[in-house]
Amino acid sequence: MAGLDDARQQWQRRYTAATAFMAGRAGRAAALIEVAAQHPLRADGSPGPEFEARLRLGVRLYAEFAERGPVEMYVPGSRHRDGGTVDPVSLSDAGGAFLRDAGIPAESVHGEDLNQRYRGDDGVYGSADECFVTASYYRDGPFGPLLAVVSPGQLQRKMLHYLAFGVLPLLHTAPTLPMYHDPVGEVFDAIPRVLTEDPDLRPGTSAWADHLRAARRP
């Protein structure tokens, strides 16, 4: 129990710090929305059903927050491999094309530009990478509201990663069935790993981050 108590105190400090940081941004009108990608893509390089559902919710959130101030959107994700199948484009490019086709101004849509700026050649291959890039751009920018559209199955883990990077987003989900993220695996495997071992999955220093890259990089 001592280890769990220590972890609880550490995460409570992170939550307190992130809450205070976001309170300091409360008066800013510009919003940033992350739409978490989902692999694999369809054969033609377009988003699959789960990814598309998140993107459609992202479009609705953009319209809502654009009434209050400037809005930027980030779709994370490098080019992925799923077993023996390699996506023809990056997840960022697939999601960005969908958003632009849905009427989001091109200048408001980010993808590979932020992947490269904050993760470089390591790429963006998992939830921690997504949160790291989003949180970094948010902290460097003029933003107030921070929103993220995620899978229901990964909601808690995404929140933990965001707390590890010092921010506290408003999380939204777009449920679909089937769902890529197994909630049982999240509760018993992924979340405990984040809580007690590896909250930021930094490439080169995290065995799990390196495992994800080996499994997903083309």
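Quick caveat: nothing in here was measured; it's all calculated off a predicted structure.

**Focus on the overall build of the protein**
The number of helices and strands found in the protein is 8 helices and 7 strands. Taking 2.2 N^0.38 as the reference for a compact globule, 218 residues should give roughly 17 Å; the C-alpha atoms of the protein span a radius of gyration of 17 Å, in line with that estimate. Dimensions of the protein along its principal axes, counting C-alpha atoms only, are 50 × 45 × 35 Å. When burial is assessed residue by residue, the protein has 52% of its 218 residues classed as buried. Taking as baseline every contact in the protein between residues at least 6 positions apart, the subset at least 24 positions apart corresponds to 72%.

**Description of the pattern of salt bridges**
The tally for this structure, following the rule as stated, stands at 10 salt bridges. The partner of Lys158 in a salt bridge is Glu130, with the nearest N and O atoms 2.7 Å apart. Of this pair, Lys158 sits in helix H6 (residues 155–164) while Glu130 sits in helix H5 (residues 127–140), placing them 28 residues apart in sequence. Accessibility assignment for this pair places Lys158 and Glu130 in one class, buried. Arg157 is the salt-bridge partner of Glu186, the closest N and O atoms lying 2.7 Å from each other. Placement of Glu186 in helix H7 (residues 183–196) and of Arg157 in helix H6 is noted, with a sequence separation of 29 residues between them. Pair check on accessibility: Glu186 and Arg157 agree, each one buried.

**Focus: a nonpolar patch on the surface**
A contiguous nonpolar surface patch, about 320 Å² in accessible area, is contributed by Val184, Val187 and Phe188. Inspection of the secondary structure puts Val187 in helix H7.

**Let's talk about the packing of aromatic side chains**
Counted under the stated rule, the structure contains 4 aromatic pairs. Look at Tyr137 and Phe143: their rings are 5.4 Å apart centre to centre, the planes differ by 55°, and that puts the pair in the tilted class. For the pair shown, Tyr137 and Phe143 are each scored as buried. Here a set of aromatic residues connected by ring pairs shows up, and it is made of Phe21, Tyr137, Tyr138 and Phe143. For Arg139, the ring lying beneath its charged end belongs to Phe21, and the centroid distance is 4.2 Å.

**Quick word on the side chain of Arg157**
A relative accessible area of 12% means that Arg157 is categorised as buried. Sequence-distant contacts of Arg157, defined by excluding residues within four places in its chain, comprise Ser127, His181, Glu186, Ala190, Ile191 and Val194.

**Here's the deal with the packing of helix H2 (residues 49–66) against helix H3 (residues 91–101)**
If you want to describe how two helices pack, look at the angle between their axes and the distance between the axes. Following both chains from N to C, one finds H2 and H3 inclined at 45°, their axes separated by 10 Å at the closest point. Our classification of the angle between H2 and H3 gives oblique. The crossing of H2 and H3 is right-handed. Residues Phe51, Glu52, Leu55, Arg56 and Val59 of H2 pack against Leu91, Gly95, Phe98 and Leu99 of H3. Here the residues of the contact of H2 with H3 are counted per class, giving 6 nonpolar, 1 polar and 2 charged.

**Here we look at the pairing of strand E7 (residues 170–173)**
Summarising the sheet, strand E6 (residues 146–150) and E7 pair through 4 bridges and their orientation is parallel. Across the sheet, residue Ala148 finds its bridge partner in E7, namely Leu171. The parallel pair E6 and E7, bridged by H6, forms a crossover whose chirality is right-handed.

**Focus: the nonpolar core**
One finds Ile33, Val35, Leu55, Met73, Val75, Leu99 and Ile104 to be the most contacted residues of the largest nonpolar core, which totals 24 residues. Going through the elements one at a time, strand E1 (31–35), H2, strand E2 (71–74), H3 and E6 are the ones with two or more residues in this core. For this core, the element with the most residues is H2, which contributes 7 residues. Discounting chain neighbours no more than four positions away, the residues touching Ile104 are Val59, Tyr62, Met73, Leu99 and Val109. Of all hydrophobic cores here, the second largest spans 21 residues; its members include Val124, Ala148, Tyr162 and Val167.

Quick notes on the rules
- Residues numbered from 1 in each chain as written.
- Predicted model: local features only at pLDDT ≥ 70, side-chain atom pairs only at ≥ 80, totals over all residues.
- Heavy atoms only, no water.
- Helix = DSSP H or I, 4+ residues; strand = E, 2+ residues; numbered from the N terminus.
- Rg over C-alpha atoms; globule rule 2.2 N^0.38 Å.
- Buried < 20%, exposed > 50% of the residue type's maximum accessible area, 1.4 Å probe, protein only.
- Contact = heavy atoms within 4.5 Å.
- Salt bridge = Lys/Arg side-chain N within 4 Å of Asp/Glu carboxyl O.
- Patch = residues over 30% accessible without salt bridge, like charges linked within 9 Å, V, L, I, M, F, W, Y side chains within 5 Å.
- Areas by Shrake-Rupley, 256 points an atom, 1.4 Å probe, with all protein chains shown as cover.
- Phe/Tyr/Trp six-rings, centres within 6.5 Å; stacked < 30°, edge-to-face > 60°.
- Lys NZ or Arg CZ within 6 Å of the ring centre and 35° of its normal.
- Axes fitted to C-alpha atoms, helices over the stretch in contact; angles between N-to-C directions.
- Parallel < 35°, antiparallel > 145°, perpendicular 65-115°, else oblique.
- Left-handed = near helix turned anticlockwise from the far one by under 90°.
- Nonpolar A, V, L, I, M, F, W, Y, C, P; charged D, E, K, R; others polar.
- Pairing = 2+ DSSP bridges.
- Right-handed = clockwise from strand over helix to strand, strands pointing away.
- Core = buried A, V, L, I, M, F, W, Y, C linked by side-chain atoms within 4.5 Å.

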